[in-house]
Amino acid sequence: MRVLIVGGSGFLGGELVRLCVEAGHEVGATYVTARPGERPGVEWLPMDVRSREAVEATVAAFRPEAAINAAYRKADWTSTADGAAHVALALSRTGGRLVHVSSDAVFSGAAPRYDEACVPDPVSPYGAAKAAAETAVRAVLRGAAIVRTSLIVGNGGSTHESLARSLAAGHGQGVLFTDDVKCPVHVGDLAAALVETAVRGLSGVLHAAGSDALNRYELGVLIARRDGLDAARLRPGRRSDAGLTGPFEVRLDCTATRRRLRTRLRGAREFLAG
């Protein structure tokens, strides 16, 4: 299949590129600044999702059968919200299905759990941008898949893993929050779920997160132990004391999605063990 990875230079995007190449797909991957490497079998395409014209030109030239949109910038509404609309509009002209990566940030955290039928109620600018992106994608492409996920870790390449390692090694200062709860997902599991969604043409809202709800301190302890570092050096703290905005506890219920997917989404206690 001819697959376009929008945001192919990012943490998740790089894993998507790897899986698609290994599966034998024809892969195009977009980037904004420096092209990330020279992996054979990838057509690297410069594209800024903030530009509707640039997105239309790139999609029209590559003509993907499916696109996976993993592009976003937390502090940039245009990249996160408008960019998703630009990708959906471009695909509506050329044909091809869209798998859009969304986030648990679309929820406030007021409910004990959120399943695939729950309506977004964001409490942060980033969550609002992600919710707006979902609305735009669903309005433009009825057959699109919107895949909400949680904190992405794995293979040592995530920001949270870097922070936990630095703190556990005594190289950094700071705390890991005990009142910030997510359902961490391994980047490889998430990428496999997204590729499966694209290949099988699944549509609608899916939740792709890990089966364990953990706070960031608990997650940091697991990371430190996996990497043979001193977890006792990690200091717990409270996000509420730091005055940060956004949801505190968001538990994604993936029950309906697990029935649809063949990919198994492991919990952090499993994929970080040993």
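Our subject is the structure that appears above.
Notes on the structure in this doc start here. Going along each chain's sequence as written, the residues are numbered from 1 onward. Local features in this predicted model are restricted to residues whose pLDDT is 70 or higher, and side-chain atom pairs enter the listing and the counts only when it is 80 or higher, whereas totals over whole chains, interfaces and linings include all residues. To get the side-chain values, all heavy atoms of the structure are used, and hydrogens and water are removed first.

### A few points about the pairing of strand β6 (residues 145-149)
- Among the 5 residues in β6, 5 count as buried, and that is most of the element.
- Burial classes: relative accessible area under 20% of the type maximum marks a residue as buried, over 50% as exposed, and values in between as partly exposed (1.4 Å probe, protein chains only). Elements are defined by DSSP. Helices are runs of H or I of four residues or more, strands are runs of E of two residues or more, and each kind is numbered from the N terminus. The alternating pattern of β6 places Ala145, Val147 and Thr149 and Ile146 and Arg148 on opposite faces, both of which are buried.
- Handedness of the β-α-β unit built from strand β5 (residues 97-103), helix α4 (residues 125-140) and β6 comes out right-handed.
- Note that β6 and strand β11 (residues 204-208) share 5 bridges and pair parallel. Bridging from a neighbouring strand, Thr149 pairs with Ala208 of β11. Crossovers are marked right-handed if the path from the first strand over the helix to the second runs clockwise, as seen with the strands pointing away from the viewer. Pairs of strands are assigned from DSSP output, requiring at least two bridges between the strands.

### Focus on the pattern of salt bridges
- Any carboxyl oxygen of Asp or Glu that lies within 4 Å of a side-chain nitrogen of Lys or Arg is treated as forming a salt bridge with it. Summed over all chains, the structure comprises 19 salt bridges.
- For Glu56, the salt bridge goes to Arg93, with nearest N and O atoms at 3.3 Å. With Glu56 in helix α2 (residues 52-62) and Arg93 in helix α3 (residues 77-94), the pair connects residues that are 37 residues apart, well separated along the chain.
- According to the relative accessible area criterion, Arg93 is exposed, its value standing at 52%.
- Ionic pairing is found between Arg148 and Glu134, a salt bridge with its closest N-O pair at 2.9 Å. Residue Arg148 is located in strand β6, and its partner Glu134 is located in helix α4; the two are separated by 14 residues in the primary sequence. The residues Arg148 and Glu134 share a single accessibility class, namely buried.

### Here we look at the sheet that holds β5
- As summarised here, the arrangement of the 7 strands in space is β3-β2-β1-β4-β5-β6-β11, forming an open sheet in which the pairing is parallel. The sheet is open, and its two edges are formed by β3 (42-46) and β11, each paired on a single side. Direction aside, the axes of adjacent strands within the sheet are offset by 20 degrees on average.
- Where strand β1 (residues 2-6) and strand β2 (residues 26-31) come together, 4 bridges link them in parallel fashion. Paired with Ile5 across the two strands is Ala29, which belongs to β2.
- By definition, residues are in contact when any of their heavy atoms lie within 4.5 Å. The axes are straight lines fitted to the C-alpha atoms, using for helices just the contacting stretch, and the angles between their N-to-C directions are given from 0 to 180°. Sheet strands in contact with α4 are β5, β6 and β11, and its direction is about 160 degrees off that of β5.

### Quick look at the packing of aromatic side chains
- Planes of paired rings set the category: under 30 degrees apart is stacked, over 60 is edge-to-face and the rest tilted, where pairs are Phe, Tyr or Trp rings (Trp by its six-membered ring) whose centres lie within 6.5 Å. All told, the structure shown has 3 aromatic pairs when counted by the stated rule.
- An angle of 70 degrees between the planes, with centres 6.4 Å apart, marks the rings of Tyr31 and Trp44 as edge-to-face. Here Tyr31 is found in strand β2, whereas its partner Trp44 is found in strand β3, with 13 residues between them in sequence.
- Note on Tyr31: relative accessible area 14%, which makes it buried.
- On the basis of relative accessibility, which here comes to 11%, the residue Trp44 falls in the buried class.
- Ring plane angle 15 degrees and centroid distance 4.2 Å describe the contact between Phe107 and Tyr114, whose orientation is recorded as stacked.

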